[in-house]
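Per-entry structural report
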Amino acid sequence: MADVFVSYARQDEPQAQRAADALRGAGYGVWRDDELPAHRSYAEVIEERLKGAKAVVVLWSAEAAKSQWVRAEADSARSIGTLVQASLDGTIPPMPFNQIQCADLKEWDGKASSPGWRKLLASLAELVGTPAAEEARQSARDLSICVLPFQNMSGDSEQEYFSDGISEDITTDLSKVSALEVIARNTAFTFKGASVNVRDVARQLGVSHVLEGSVRKVGDRVRITAQLIDGASGGHVWAERFDRDLTDIFAIQDEITKEIVRALRLKLLPEEKKALEKRGTQNAEAYNLYLLARQYWVTGNHGDARREERVMRICSRAVELDPQYAEAWALLAIAQSSLRYGFDRQVDDGFAAANAALSIDPNIPQARLPIIKRLVQRGKHDEAAAQMEEAIRLGSESWEVNKEAGRFYINKRDIAAATRHYEKAVELVESDFHAWAMLSTCYQAVGDKAKLRESAKRMISESQLAVQQDPSNGAALGILAGGYALLGEKEKTREWIDRALLVDPDNLNMRYNFACVLAIMGDNDASLKMLESTLSAVGEYQVRIAESDPDFDGLRDDPRFGKLIASARKRLGMAEAQAG
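Since the structure is predicted, the reported quantities are computational estimates derived from the model, not experimental observations. (Residues numbered from 1 in each chain as written. Predicted model: local features only at pLDDT ≥ 70, side-chain atom pairs only at ≥ 80, totals over all residues. Heavy atoms only, no water.)

1. Description of the overall build of the chain
We count it as follows: Strands here mean DSSP runs of E at least two residues long; helices mean DSSP runs of H or I at least four residues long; both are numbered from the N terminus. When we talk radius of gyration, it's over C-alpha atoms, and the globule rule is simply 2.2 Å times the number of residues to the 0.38. In this scheme, a residue with accessible area under 20% of its type's maximum is buried, one over 50% is exposed, and one in between is partly exposed, where area comes from a 1.4 Å probe on protein chains only. Any two residues whose heavy atoms approach within 4.5 Å are treated as being in contact. Method for areas: the Shrake-Rupley scheme with a 1.4 Å probe, in which residue coverage is limited to the protein chains shown. For the purpose of charge, His is not counted, nor are the chain termini; Lys and Arg are scored as positive and Asp and Glu as negative. Lysine's charge is taken at NZ, arginine's at CZ, aspartate's at CG and glutamate's at CD.
A count of helices and strands for the chain gives 26 helices and 11 strands. Over its C-alpha atoms the chain spans a radius of gyration of 25 Å, differing by no more than 12% from the 25 Å that the globule rule assigns to 580 residues. In terms of its C-alpha atoms, the chain occupies a principal-axis envelope of roughly 70 × 60 × 40 Å. Residues classed as buried in the chain amount to 53% of the 580 residues present. Sequence separation of 24 or more characterises 62% of the internal contacts of the chain that already satisfy a separation of 6 or more. Carbon and sulfur atoms make up 47% of the accessible area of the chain, which amounts to about 26100 Å² in all. If the 74 positive side-chain charges of the chain are averaged to one point and the 87 negative ones to another, these points end up 1 Å apart.

Here it is in structure tokens:
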């Protein structure tokens, strides 16, 4: 996502373009609606870019003040604290925006020394930070590449998981070539859905080449196009189109990687050739199912057990098709573990599936996570810590590992370690509103108000996108309310709590989040009432989380909190909590 969204009236497009170009020249990533992709709806993209931006620059004019679009965009930005205002012609912003400072660009001649422009940049620096203007990232190697997310051309948004999976796998394959520096997947995916100039991408990331392409999957056929582009000239170095059966998907990926290596005149070491030939599975159907399951896992409703059940069904089928598919075994284990410990379901806790994965590939870090949960559940904390250290060593770039490490360390009240891992988790998957919420808990625990405000805004923007896609997403509704609570918007907080309880009254994860939200707001009575409805039904794992959750620090001196914990422990047959 771009850092800065520019809102303006159509009649002011020349001034808006000049402002956007000047902001890009200052080092900011900028988006305005001249970059709308042809394959997506106008309203959908506007909403996504608006809420994903760290700052929204509204360029007011007499025409903009009349525009319902500009007003709506300004109101959305105002509600989450990302609004930056400037007047192009001296027009005072309409109510209620006239209560907020506005930079004067009426006499602006495009120079950076203009007082109005300096005022606008100062506001952006506070919201976004000061970019390294004109300083491109320096590549550590002579040749470097960014694999842009391949476009899903299937005409079905439900097939997005497949095109994303292809992009990620090609990125992984190229990363095995020591002579080539490859931009991380999470950085490349910030350009997803945007109409980009490849030369601008290359300059911004400091890479010599860019790979872009598209995927069309229909039934048992797949068409993949790929173009390797010189970042300096914008010219094609290599391009190809593949029309094959889906069973040839691995051969296509291999061909793309080999053609890029050949086009860049790279020499592969023997171990690199061997690594490129290694794949988790050679079964195309199992591969397709795994990609689908992981998409459900990453984007599904965090508080709805049906996510876990769906992922378990899909992964079970994948390992039936290929019993040697370690990644599918690991994801199956994670889903089983979550259903057992997160929802107190009497199902397998993932230990067997995790060991199946490790017997195939002992270096797969995600498979250690269910084992860690079992060890913690059984009080074997030293063994759990050793397993977690090994998972982090093997999976420092794994979203699943960093997310679970954050939870592991926050339960130990090691806020510094938890913060590091949650920061990495949201870097890897920016849309993870739950990780943003946990990161907010960390920042609040250490009193970092600036970072807390930023993470609260991301809680709101990312959960709003999730609610747009699924209005019944109870976890997103709960975290949306939490973001508003952290920003001090008590009225909006209660509105969202009331709405969520109507939509999904039995979602225990959501109710737990609301107990946290109400505690943050200082409404101890309401928080304890909500917590009681949660702790009376959850399992041991969630009770232990509540015992150490920093969000409840303001409740710990209230004897009612201790009674709730003791009652839950008694119900579950847990040993008495140790004092202190």
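2. Structural notes on the nonpolar core
Nonpolar side chains in soluble globular proteins tend to be buried together. Short version of the rule: Only buried residues count toward a nonpolar core. Its members are Ala, Val, Leu, Ile, Met, Phe, Trp, Tyr and Cys residues joined through side-chain atoms within 4.5 Å.
Counting residues in each nonpolar core, the largest one holds 136 residues, and the members touching the most others are F162, L211, I256 and F552. In terms of residues, this core owes the most to one element, helix α13 (residues 326-343), which gives 10 residues. Once residues within four sequence positions are removed from consideration, F162 is found in contact with V215, K217, V222, L246, I249, Y287, N288 and L291.

3. Examining the confidence of the model for the chain
Rules: A residue's pLDDT is simply how confident the predictor is in it, with values from 0 to 100.
Of all residues in the chain, 94% attain a pLDDT of 70 or more, and the chain-wide mean is 85. Taken as a whole, residues 132-137 scores under 50 in pLDDT and shows 11 contacts with residues more than four places along the chain or in a different chain.

4. So, the packing of helix α24 (residues 524-535) against helix α26 (residues 559-572)
The following threshold applies: Axes, fitted as lines to C-alpha atoms, cover a helix only where it is in contact. Angles between the N-to-C directions of the axes lie from 0 to 180 degrees. For classification purposes, an angle smaller than 35 degrees is called roughly parallel, one larger than 145 roughly antiparallel, one from 65 to 115 roughly perpendicular, and anything else oblique. In this classification, Asp, Glu, Lys and Arg are treated as charged, Ala, Val, Leu, Ile, Met, Phe, Trp, Tyr, Cys and Pro as nonpolar, and every other residue, Gly included, as polar.
Look at α24 against α26: their axes get within 10 Å of each other, and the N-to-C directions meet at 0 degrees. If you check the angle between α24 and α26, you find them roughly parallel. Residues D525, L528, L531, E532 and L535 of α24 lie in contact with α26, whose contacting residues are R560, F561, L564, I565, A568 and R571. For the contact of α24 with α26, the residue count by class is 7 nonpolar, no polar and 4 charged.

5. Remarks on the pairing of strand β6 (residues 143-147)
Taken residue by residue, a regular strand's side chains alternate between the two faces of the sheet. As a reminder, the rule being used: Pairing between two strands is assigned when DSSP locates at least 2 bridges connecting them.
By the criterion of burial, β6 is predominantly enclosed, with 4 of the 5 residues buried. In the sheet, β6 pairs with strand β8 (residues 180-182) via 3 bridges, with the strands oriented parallel. Note on β8: the bridge partner recorded for L143 is L180. Of the pairings in the sheet, the one linking β6 to strand β9 (residues 209-218) comprises 3 bridges and is parallel in character. Looking at the pairing, V147 lines up with L211 of β9.

6. Things to note about the sheet that holds strand β2 (residues 30-31)
One open sheet holds the 5 strands; their spatial order is β2-β1-β3-β4-β5, and the pairing between them is parallel. One side of each edge strand has no neighbouring strand; the edge strands of this open sheet are β2 and β5 (102-104). Two elements, strand β1 (residues 4-7) and strand β3 (residues 55-60), share 4 bridges in a ladder whose sense is parallel. Pairing of V4 across the sheet is with A55, part of β3. Sheet strands in contact with helix α4 (residues 68-80) are β1, β3 and β4 (83-87), and its direction is about 145 degrees off that of β3.

7. Points about the pattern of salt bridges
What counts is decided by this rule: Counted as salt bridges are all cases of a side-chain nitrogen of Lys or Arg within 4 Å of a carboxyl oxygen of Asp or Glu.
Per the stated rule, a full pass over the model turns up 29 salt bridges. Note that D525 is salt-bridged to R560, the shortest N-O span being 3.0 Å. Placement of the pair is D525 in helix α24 and R560 in helix α26, with a sequence separation of 35 residues. In this structure R560 comes out as partly exposed when scored by relative accessible area, which is 39%. When salt bridges with common partners are traced through the structure, they connect R223, R241 and D243 into a single cluster.

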